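Next come the chains, spelled out residue by residue.
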Amino acid sequence: MSLMKEFTKGFWELLPPFRLVLGLCPTLAVTTSAENGLGMGLATAFVLACSNMLISALRKIIPSKVRIAAFIVVVATFVVVVELTMQAYFYALYVKLGIFIPLIVVNCIPLGRAEAFASSNGVLASGADGLGIGLGFAISLFSLGTIREIFGAGTFWGAQVMWSGYEPMAFLLKAPGAFVCLGLMLAAINLISARQAKRKLEATRLAAAQA
Amino acid sequence: MSFGDYMLFIVGAVLVNNILLAQFLGNCPFLGVSKRMDTATGMSMAVVFVITLAGACTWLVQYYILIPFNIEYLQTIFFILVIASLVQLVEIIMQKTVPGLYRALGIYLPLITTNCAVLGVAIINIQKEFDFVQMLVFSFASAVGYGLALCLFAGIRERFALARIPKVFEGTALGLVTAGFMSLAFSGFAGLVGH
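The rules behind each value
- Residues numbered from 1 in each chain as written.
- Chains lettered and ligands numbered in written order.
- Predicted model: local features only at pLDDT ≥ 70, side-chain atom pairs only at ≥ 80, totals over all residues.
- Heavy atoms only, no water.
- Helix = DSSP H or I, 4+ residues; strand = E, 2+ residues; numbered from the N terminus.
- Buried < 20%, exposed > 50% of the residue type's maximum accessible area, 1.4 Å probe, protein only.
- Contact = heavy atoms within 4.5 Å.
- Areas by Shrake-Rupley, 256 points an atom, 1.4 Å probe, with all protein chains shown as cover.
- Lys, Arg positive; Asp, Glu negative; His and termini not counted.
- Charge placed at Lys NZ, Arg CZ, Asp CG, Glu CD.
- Polar contact = N/O pair within 3.5 Å; in protein donor to acceptor, adjacent residues only side chain to side chain.
- Salt bridge = Lys/Arg side-chain N within 4 Å of Asp/Glu carboxyl O.
- Buried area = accessible area lost by both parts, 1.4 Å probe.
- Expected span 1.5 Å × (residues − 1).
- Axes fitted to C-alpha atoms, helices over the stretch in contact; angles between N-to-C directions.
- Parallel < 35°, antiparallel > 145°, perpendicular 65-115°, else oblique.
- Left-handed = near helix turned anticlockwise from the far one by under 90°.
- Nonpolar A, V, L, I, M, F, W, Y, C, P; charged D, E, K, R; others polar.

We now examine the overall build of chain A. For chain A, the helix and strand inventory stands at 8 helices and 2 strands. N-terminal to C-terminal, the α/β element order of chain A is α-α-α-α-α-α-α-β-β-α. If one aligns the C-alpha atoms of chain A with their principal axes, the spans along those axes are about 65 × 60 × 25 Å. Looking at chain A residue by residue over its 211 residues, the buried ones come to 49%. Counted over contacts in chain A with a minimum sequence separation of 6, partners at least 24 positions apart contribute 74%. Accessible surface, chain A as shown: approximately 9,900 Å² in total, 69% of it carbon and sulfur. Taking the average place of the 16 positive charges on the side chains of chain A and the average place of its 9 negative ones, the gap between the two points comes to 9 Å.

Structure below.
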């Protein structure tokens with residue numbers, strides 16, 4: 001039950017990069033299409049789940065003074081695994097994501113979760129936490145990529161989805177569009193959570209009044 | 001490369017291909033420490049120093065250790081370790097010499113390790129096959145571009161404190177939109193360097 005909770009909190013409560021404002025660089029850089037966003041997200045999710053589990057397993061051995069360096073080495077190891085695997089099997093995607101694959105090391109999310117969660121929790125819980133947060137990140141990147149691709153290029157996953165006379169907003173695919181689009185998405189998420197909080201407050205108030 | 005080429009190279013790295021606004025490297029500290037001008041300046045100086053130094057060290061590691069021993073696939077791990085130890089060193093030096101600045105930067109100094117701009121520039125240096133001097137110039141210019149964008153952004157964000165902002169846009173959301181418009185402004189420099 002609690003494992004499920006650790007797993008699902010990554011989808012809304014701690015949804016990166018909106019709730020945890022970490023890992024913005026790949027979010028902005030590679031989300032020019034839905035495919036790139038999903039690829040990057042899944043690569044990060046893999047690294048995050050594996051590094052969380054390994055760090056959690058080693059948490060009693062790693063001296064706290066050098067823990068950050070130790071975490072970085074663990075994360076870097078899995079990044080190299082992803083890098084070589086993608087080079088071998090998904091070469092086209094590897095070329096498109098380019099420098100941002102090695103940069104998963106400094107993505108802050110794996111390191112942040114290692115410090116905040118894996119270094120003080122069990123292996124299974126850490127794995128669930130890493131996988132959940134990683135998949136949440138993948139979903140965010142996929143949605144941002146989808147929005148930018150549909151409006152910026154008029155396509156989805158490379159296939160035309162907008163009507164034929166549609167003039168693509170090329171702005172969205174350029175660097176400034178990435179910032180603006182992410183900013184607007186973050187505002188939208190803030191709006192939804194503000195509504196949720198308000199509704200919850202009203203519900204508790206109503207319950208209190210009835211009692 | 002002639003002097004003119006170097007000038008173009010520098011302008012390109014500082015303004016046109018600004019590492020922060022055009023290449024999206026180092027955005028977390030960009031949004032994190034840009035709320036006040038003095039921390040932004042401190043962070044910029046630390047970043048310029050670390051990026052240049054890290055660029056030089058990683059370049060030497062690549063050409064004198066990784067390539068001779070044929071272990072280029074360990075590049076990521078080697079580079080991040082070099083950067084992490086360098087940052088630690090800068091932290092110790094800063095703590096001893098400028099404690100005021102050290103207190104102001106607080107937790108962000110160790111975060112330079114995970115500033116993707118540092119590792120990013122180190123990797124770009126290798127990918128573009130720069131020689132030693134080009135590498136130094138490029139690292140320094142990129143870092144200056146980063147500092148420039150960070151300080152400008154902090155200047156804008158200080159004004160937010162006085163403005164009435166819709167609640168949902170407070171904090172990072174408005175920061176991102178502002179960064180978008182700054183990036184748009186910087187893309188106007190593209191005409192300076194012919195393609």
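Residue and element names in this part refer to chain A. Tracing the backbone shows arginine 113 in helix α6 (residues 109-116). In terms of polar contacts, arginine 113 uses its side chain to reach the side chain of aspartate 129, at 2.9 Å. Non-local contacts of arginine 113, meaning those with residues more than four positions away in its chain, are made with Lys9, Leu14, Leu20, Leu48, Asn52, Ala118, Asp129 and Ile133.

Okay, the pattern of salt bridges next. Residues and elements named next belong to chain A. On inspection of all chains with the given rule, the structure shows 6 salt bridges over all chains. For the salt bridge of aspartate 129 with arginine 113, the shortest nitrogen-to-oxygen distance reads 2.9 Å. In this pair, aspartate 129 sits in helix α7 (residues 123-153) while arginine 113 sits in helix α6, placing the two residues 16 residues apart along the sequence. You'll find aspartate 129 and arginine 113 in the same group, each marked buried. Shared partners join several salt bridges into a network, and the residues in it are Glu6, Lys9, Arg113 and Asp129.

Our focus in this paragraph is the interface of chain A and chain B. Many descriptions give the size of an interface as the accessible area lost when the pieces come together. On the chain B side, the residues contacting the 36 residues of chain A number 34 residues. Of the roughly 2,900 Å² buried at the junction of chain A and chain B (both faces included), carbon and sulfur atoms supply 86%. Looking at the side of chain A facing chain B, the largest losses of area belong to A:Cys25, A:Val106 and A:Phe179, adding up to 21% of the total buried there. One can count 0 salt bridges joining chain A with chain B. At the junction of chain A with chain B, the criterion picks out 2 residue pairs in polar contact (both at pLDDT 80 or more).

On to unusual backbone geometry, then. Cis geometry is adopted by the peptide bond preceding A:Pro17, which originates at A:Pro16 and carries an omega value of 0°. The topology assignment puts A:Pro17 in the loop between α1 (2-8) and α2 (24-30). The residue B:Phe24 is not glycine, and still its phi comes out positive at about 55°. Here B:Phe24 is to be found in the loop between α1 (3-16) and α2 (27-32). In the Ramachandran plot, B:Asn70 falls in the positive-phi region, its phi being about 60° despite a non-glycine side chain. Structurally, B:Asn70 is set in the loop between α3 (37-66) and α4 (75-97). With relative accessibility at 57%, the residue B:Asn70 sits in the exposed group.

A few words now on the environment of A:Ala57. In this fold, A:Ala57 is placed in helix α3 (residues 34-57). Taking the C-alpha atoms as reference points, A:Ala57 and A:Val123, 66 residues apart in sequence, are found 5.7 Å from one another.

Turning our eyes to something else, we now look at α7(A). With 31 residues, α7(A) ought to run about 45 Å at 1.5 Å a step, and its terminal C-alpha atoms sit 43 Å apart, in line with that. Of the residues trailing α7(A), A:Gly154 is marked for its positive phi of about 75°.

This paragraph deals with the packing of α3(B) against helix α7 (residues 132-160) of chain B. Residue and element names in this part refer to chain B. For the pair α3 and α7, the least separation of the axes is 9 Å and the interaxial angle reads 165°. Put simply, α3 runs roughly antiparallel to α7. Considering how the two elements wind past one another, α3 and α7 form a crossing that is right-handed. Tallied by class, the residues present in the contact of α3 with α7 amount to 19 nonpolar, 7 polar and 1 charged.

Right, let's get into the side chain of B:Ser34. By the element assignment, B:Ser34 lies in the loop between α2 and α3. Within the structure, B:Ser34 has its side chain in polar contact with the side chain of B:Arg157 (distance 3.0 Å).

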